[in-house]
Amino acid sequence: MSASDQEAAEQRVQDAVRRHARTRAFTEAEDVISAVLSDPGVQAARERVEAAETELGLELCARLQPFQDRYDRAVHESNADGLAGLCGGKHGRWGRICVLPDGHETSMEEPHWGRNSEGRPIAWVGSAPDDW
């Protein structure tokens, strides 16, 4: 085996070890997250948060519905410019996309607002990654 073949083989082994370590770390993290999220206290807190978000979403509906209408129109018309200025706040896993203008959290002092995956108005504070 030539020196370059040995170096290539060594590199493949190092790459495999790194992939294995990364996969193991992700698996362990997912196990911990699953254990935390399955805790009855965490589930009860999540239910209370979702109830509060739904209640606030309903309270703000009359005032913020024009933003939802504008969002729906932009989606229907494939209007990229109309969608570009929207808030980046979302909770992708639950089908929430904020329909308010970008920067609303500071300028309008409003929470994120939109509709959940069932189509009900919902308001929330903060954002989470799409897969959370």
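All residue numbers here refer to positions counted from 1 along the written sequence of the relevant chain. Only residues with pLDDT of at least 70 get local features here, since the model is predicted, and only at 80 or more are side-chain atom pairs given and counted; chain-wide, interface and lining totals rely on the full set of residues. Only hydrogens and water are set aside when side-chain values are computed; all heavy atoms of the structure are taken into account.

Asks: Just to check I follow, could you spell out the overall build of the protein chain for this structure?
Replies: In terms of regular secondary structure, the protein chain is built from four helices and four strands. In this description a helix means any DSSP run of H or I spanning at least four residues, a strand means any run of E spanning at least two, and both kinds are numbered starting from the N terminus. Each helix and strand of the protein chain, ordered N terminal to C terminal, gives the series α-α-α-β-β-α-β-β. Radius of gyration means the value over C-alpha atoms here, while the globule rule gives 2.2 Å times the residue count to the 0.38 power. Relative to a compact globule of 132 residues, whose C-alpha radius of gyration would be 14 Å, the protein chain shows 22 Å and is clearly more extended. In terms of overall dimensions, the protein chain has a C-alpha envelope of 75 × 45 × 25 Å along the principal axes.

Asks: What exactly am I supposed to notice about the pairing of strand E4 (residues 121-124) here?
Replies: Accessible area is worked out with a 1.4 Å probe on protein chains only. A residue is then buried under 20% of its type maximum, exposed over 50%, and partly exposed in between. A two-sided burial pattern is seen for E4, the buried positions comprising Pro121 and Ala123 on one face and Ile122 and Trp124 on the other. Any two strands between which DSSP finds at least two bridges are classified as paired. Sheet analysis places strand E3 (residues 112-115) next to E4, joined by four bridges and oriented antiparallel. Residue pairing in the sheet places His112 in a bridge with Trp124 of E4. Hairpin geometry of E3 and E4 is characterised by an intervening segment of five residues between the two adjacent antiparallel strands and by a positive phi of about 90° at Gly119.

Asks: Sorry, what's going on with the pattern of salt bridges here?
Replies: Think of it this way: side chains of opposite charge can pair up when their charged atoms draw near. A pair is scored as a salt bridge if a Lys or Arg side-chain nitrogen falls within 4 Å of a carboxyl oxygen belonging to Asp or Glu. Following the criterion strictly, the structure yields four salt bridges and no others. Of the charged contacts in the structure, one is a salt bridge between Asp15 and Arg18, with a shortest N-O distance of 2.6 Å. In this pair, Asp15 and Arg18 are both assigned in helix H1 (residues 3-37), three residues apart and thus about one turn of the helix distant. The exposure class of Asp15 is partly exposed, given its relative accessible area of 25%. On the basis of relative accessibility, which here comes to 47%, the residue Arg18 falls in the partly exposed class.

Treat this as a map of the structure, not an account of what it does.
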